[in-house]
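Summary of structural features
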Amino acid sequence: MTPSGNLSRRVFLQMLLSLNVYIFSCPAYSHAQKDASHSFDPLPSKLASLFHHKQSAKKVGLEYLKIAPREADISLLSNLICSFDGEYRVKLLHADAGGFRELLRQRLCLDFEQDHIVTVHGWILSVTEARLCALTALL
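Residues numbered from 1 in each chain as written. Predicted model: local features only at pLDDT ≥ 70, side-chain atom pairs only at ≥ 80, totals over all residues. Heavy atoms only, no water.

Among all positions of helix α4 (residues 74-81), only L77, S78 and I81 are buried. Each buried residue of α4 sits inside an arc of 100° when the element is viewed along its axis, so together they form one side. Summarising the contacts, the buried residues of α4 are in contact with α2 (43-48), α5 (88-94), α6 (97-113) and α7 (127-138). Between a side-chain oxygen at the N-terminus of α4 and the backbone nitrogen of S75 the separation is 3.2 Å; the capping residue is D73. (Buried < 20%, exposed > 50% of the residue type's maximum accessible area, 1.4 Å probe, protein only. Helix = DSSP H or I, 4+ residues; strand = E, 2+ residues; numbered from the N terminus. Arc of directions from axis to C-beta. Contact = heavy atoms within 4.5 Å. Polar contact = N/O pair within 3.5 Å; in protein donor to acceptor, adjacent residues only side chain to side chain.)

Attention now goes to the nonpolar core. Among the nonpolar cores identified, the biggest contains 26 residues, and L47, Y64, L92, F100, L104 and L132 are the most heavily contacted of them. Broken down by secondary-structure element, the contributors of at least two residues to this core are α2, α3 (54-67), α4, α5, α6, β1 (117-120) and α7. Ranked by the residues each element gives to this core, the list is headed by α7, at six residues. Setting aside residues up to four positions removed in sequence, Y64 forms contacts with E71, V118, V120, V127, A130, R131 and A134. (Core = buried A, V, L, I, M, F, W, Y, C linked by side-chain atoms within 4.5 Å.)

Attention shifts here to unusual backbone geometry. Phi is positive for D115, close to 60°, though the residue is something other than glycine. Mapped onto the secondary structure, D115 falls in the loop between α6 and β1. Owing to a relative accessible area of 54%, D115 belongs among the exposed residues under this scheme. You will see that H121, though not glycine, has its phi angle at about 50°, which is positive. For H121, a relative accessible area of 64% gives the class exposed.

Turning next to the packing of α6 against α7. The contact between α6 and α7 brings their axes to 7 Å, and the two run at 125°. Classified by the interaxial angle, the pair formed by α6 and α7 is oblique. Judged by residue contacts, L104, R107, L108 and D111 of α6 engage V127, T128, E129 and L132 from α7. Looking at the contact of α6 with α7 residue by residue, the classes come out as four nonpolar, one polar and three charged. (Axes fitted to C-alpha atoms, helices over the stretch in contact; angles between N-to-C directions. Parallel < 35°, antiparallel > 145°, perpendicular 65-115°, else oblique. Nonpolar A, V, L, I, M, F, W, Y, C, P; charged D, E, K, R; others polar.)

So yeah, pure geometry; function would need other evidence.
Dropping the structure here:
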């Protein structure tokens, strides 16, 4: 500081930069600690990688979450997508790209057969498809 109590431009910019570094490093550090202390579940990321047009999936997912706000949790959505069969999660995790898509296609067909559908802005989607979009939006 200068004797008059005013900050020089250089000191102000240094303080601002230090503050930004601190603000952005703290969440990253706490997130890294959380990941290290809990086992990492790769399934949500694998499920979200399904969509080629992620922005469209995110929009649909956000609209679905307005209808089903209680499902706005990555772990919950992952569990709900895999809830109908205990082995389904393991199959999805270990499937290659083609097998992965086929397993999800079968699940979507089953949703329609069993009338597990939801309407989002006039679009009729299987519940699983809507949840996949919501998962993409949250990630």
